[in-house]
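Next come the chains, spelled out residue by residue.
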Amino acid sequence: MLSTTEQSEKNKAPLSHRVRAWGVHLFTMAGMAFAVLAMLALINHHIALMWLWLGIAMIIDSVDGTLARRFRVKEVLPWFDGGILDIIVDYLTWTFIPAMFMYTNLDMGPKPIAGIVTVLVLTSSILCYANEHWKSVDYYFYGFPAAWNIVAVILYIVGTETVATICWICLFIVLTVVPSYWTHPFRVKRFMAVNLAATVIWIASTGGLVAIYPAHPLWLYTLFWASGAWLIISGLVRTLTGPDRPKRQYWKVAAA
């Protein structure tokens, strides 16, 4: 009879599969490196550089899930939870660092008010990250998916004033718990080709506007708004026409 150690060794995936799986994990971990670079850039007031690092982290996050499924990482390395790794990096790059940017660089009124709004942003986002039902069966995000990097860069480019900034941020905090669907451009099948094209155009136009900030060339500004509007509309279509999902288990999450 084989010992536990011998049985474990026998059940190991081939070395080449394990190397590929670790390669995917290291690729995801690279997002942490860019998160650190983004935070350092924010501390040193290099705003364009911060958005560059966050943009690269977002691209990594867009691709690593596909690679993990392609190489069956969870099966090959069942003891290492790539999902937790992904959530840690996502919370930093999609939520925490953008929230710190909004607090330090956007016009959110007196610091006590800005601090309260920032606390609400970071705590409400936990309802997204800790909830097992944050995606629908057809891979839409259910409720605003704590994409504060997108909210922050839009408010930064537009240059909203105090009241508008606070109102927009509060709206998205509320949308975190409102039953609504938000398009995941790399997983949603409906309109996938258009969603991917809109995503590429939005990222490119956003990068261009950040690079030349505060200039707003009309053609670039139009691409920025048109591509972003499409992604919002495609989620709205799912909200109005798609099948409903069970309600989020907020009380269960809170109790945990």
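Just above, that's the structure.
Residues numbered from 1 in each chain as written. Predicted model: local features only at pLDDT ≥ 70, side-chain atom pairs only at ≥ 80, totals over all residues. Heavy atoms only, no water.

Things to note about the side chain of Ser136
Note the following rule: Runs of H or I in DSSP of at least four residues are treated as helices and runs of E of at least two as strands, each being numbered from the N terminus. Three labels apply to residues, based on accessible area from a 1.4 Å probe with only protein chains included: buried if under 20% of the type maximum, exposed if over 50%, partly exposed otherwise in between. What qualifies as a polar contact is a pair of N or O atoms within 3.5 Å, subject to a donor-acceptor requirement within protein and to the restriction that residues adjacent in sequence count only when both atoms come from side chains.
Tracing the backbone through its elements, the reader meets Ser136 in the loop between helix H6 (111–129) and strand S1 (141–142). On the accessibility criterion, Ser136 (4% relative accessible area) is buried. For Ser136, the side chain forms a polar contact with the side chain of Asp138, separated by 2.4 Å.

Some points on the pattern of salt bridges
Quick reminder of the rule: We define a salt bridge as a side-chain nitrogen of Lys or Arg found within 4 Å of a carboxyl oxygen belonging to Asp or Glu.
Applying the stated criterion across every chain, the model contains two salt bridges. Across the salt bridge formed by Glu75 and Arg72, the nearest N and O atoms sit 3.1 Å from each other. Glu75 gets classed as exposed once you look at its relative accessible area, which sits at 55%. A salt bridge links Asp138 to Arg238, with the shortest nitrogen-to-oxygen separation between them at 2.7 Å. Highlighted residues: Asp138 in the loop between H6 and S1 and Arg238 in helix H10 (residues 218–241), separated in sequence by 100 residues. For Asp138, a relative accessible area of 25% translates into the label partly exposed.

Quick look at the nonpolar core
Threshold: Throughout this description, the term nonpolar core refers to a set of buried Ala, Val, Leu, Ile, Met, Phe, Trp, Tyr and Cys residues connected via side-chain atoms within 4.5 Å. Any two residues whose heavy atoms approach within 4.5 Å at even a single point are treated as in contact.
Of all hydrophobic cores here, the largest spans 46 residues; its most connected members are Met50, Trp51, Phe101, Met102, Trp148 and Ile169. Broken down by secondary-structure element, the contributors of at least two residues to this core are helix H2 (15–43), helix H3 (47–70), helix H5 (82–105), H6, helix H7 (148–158), helix H8 (162–175), helix H9 (192–211) and H10. Considering each element in turn, this core owes the most residues, seven residues, to H7. Discounting chain neighbours no more than four positions away, the residues touching Met50 are Ala38, Ala41, Leu42, Ile97 and Phe101. Ala13, Val73, Val76 and Leu77 belong to the second largest nonpolar core, which has six residues in total.

Section: the packing of H3 against H7
In helix packing, the relevant descriptors are the interaxial angle and the interaxial distance, both defined with respect to the helix axes. Rules: Structural elements are reduced to axes, namely lines fitted to C-alpha atoms, with helices fitted over the stretch in contact, and the angle between N-to-C directions of any two is expressed from 0 to 180 degrees. Crossing handedness is defined as follows: a turn of the near helix away from the far one that is anticlockwise and smaller than a right angle gives a left-handed crossing, while the clockwise case is right-handed. Each residue gets one label: Ala, Val, Leu, Ile, Met, Phe, Trp, Tyr, Cys and Pro are nonpolar, Asp, Glu, Lys and Arg are charged, and the others, such as Gly, are polar.
Relative to each other, H3 and H7 sit at 145°, their axes nearing to 12 Å. In the packing of H3 onto H7, the handedness of the crossing is left-handed. Counted together, Ile47, Trp51 and Met58 of H3 and Asn149, Ala152, Val153 and Tyr156 of H7 form the full contact between these two elements. Residue composition of the contact of H3 with H7, by class: six nonpolar, one polar and no charged.

Examining the packing of H7 against H10
The criterion, for reference: An angle below 35 degrees is treated as roughly parallel, one above 145 as roughly antiparallel, one from 65 to 115 as roughly perpendicular, and anything else as oblique.
Following both chains from N to C, one finds H7 and H10 inclined at 150°, their axes separated by 13 Å at the closest point. Between H7 and H10, the crossing angle belongs to the class labelled roughly antiparallel. Where H7 crosses over H10, the two elements pack in a sense that is left-handed. Contact residues: Ile154, Ile157 and Val158 in H7; Tyr221, Phe224 and Trp225 in H10. For the contact of H7 with H10, a count of residues per class yields six nonpolar, no polar and no charged.

A short note on H9
Just so we agree on the cut-off: Here the expected span of a helix is defined as 1.5 Å times the quantity of residues minus one. The reported arc concerns the directions from the helix axis to the C-beta atoms and nothing else.
Taking 1.5 Å per residue, 20 residues should reach 28 Å; H9 reaches 28 Å between its end C-alpha atoms and fits that length. Of the residues making up H9, those classed as buried are Asn195, Ala198, Thr199, Trp202, Ser205, Thr206, Leu209 and Val210. What you see down the axis of H9 is that its buried residues fit within an arc of 150°, all on one side. Structural note: H9 exposes Ala193, Val200, Ala204 and Ala211 on the side pointing more than 90 degrees away from its buried face. Packed against the buried residues of H9 are H3, H7 and H10.

A few points about the state of the cysteines
Condition: We call a pair of cysteine sulfur atoms a disulfide whenever their separation is within 2.5 Å.
This structure, assessed with the given rule, holds zero disulfides. The thiol of Cys128 is unpaired, and the distance to the nearest cysteine sulfur, on Cys170, comes to 18 Å. No disulfide involves Cys170; its sulfur sits 6.8 Å from the nearest other cysteine sulfur, which is in Cys167.

Comments concerning the packing of aromatic side chains
Stated precisely, the cut-off is as follows: Any two of the Phe, Tyr and Trp rings considered here, Trp counted by its six-membered ring, make a pair once their centres fall within 6.5 Å; the pair's planes then place it as stacked at under 30 degrees, edge-to-face at over 60, or tilted in between. For a ring to carry a charge above it, either NZ of a lysine or CZ of an arginine must fall within 6 Å of the ring centroid while also lying within 35 degrees of the normal to the ring plane.
Counting across every chain of the model gives 22 aromatic pairs. Both rings, one in Tyr142 and one in Tyr181, keep their centres 5.2 Å apart while their planes meet at 55°; by these two values the pair is tilted. Taken together, the residues Tyr142 in strand S1 and Tyr181 in strand S2 (residues 181–182) connect sequence positions 39 residues apart. This pair shows no difference in class: Tyr142 is buried, exactly as Tyr181 is. With centroids separated by 6.2 Å and ring planes inclined at 85°, the aromatic side chains of Tyr221 and Trp225 adopt a geometry described as edge-to-face. Pair noted here: Tyr221 and Trp225 are both in helix H10, with a separation of four residues, about one helical turn. Assessed through its relative accessible area of 39%, Trp225 is described here as partly exposed. Here the aromatic residues Phe144, Trp148, Trp168, Phe172 and Trp182 are joined through ring pairs into a cluster of three or more. The ring of Tyr103 carries Lys111 above its face, with NZ or CZ at 4.4 Å from the centroid. Positioned above the aromatic ring of Tyr181, the side-chain terminus of Arg238 is 4.1 Å from the ring centre.

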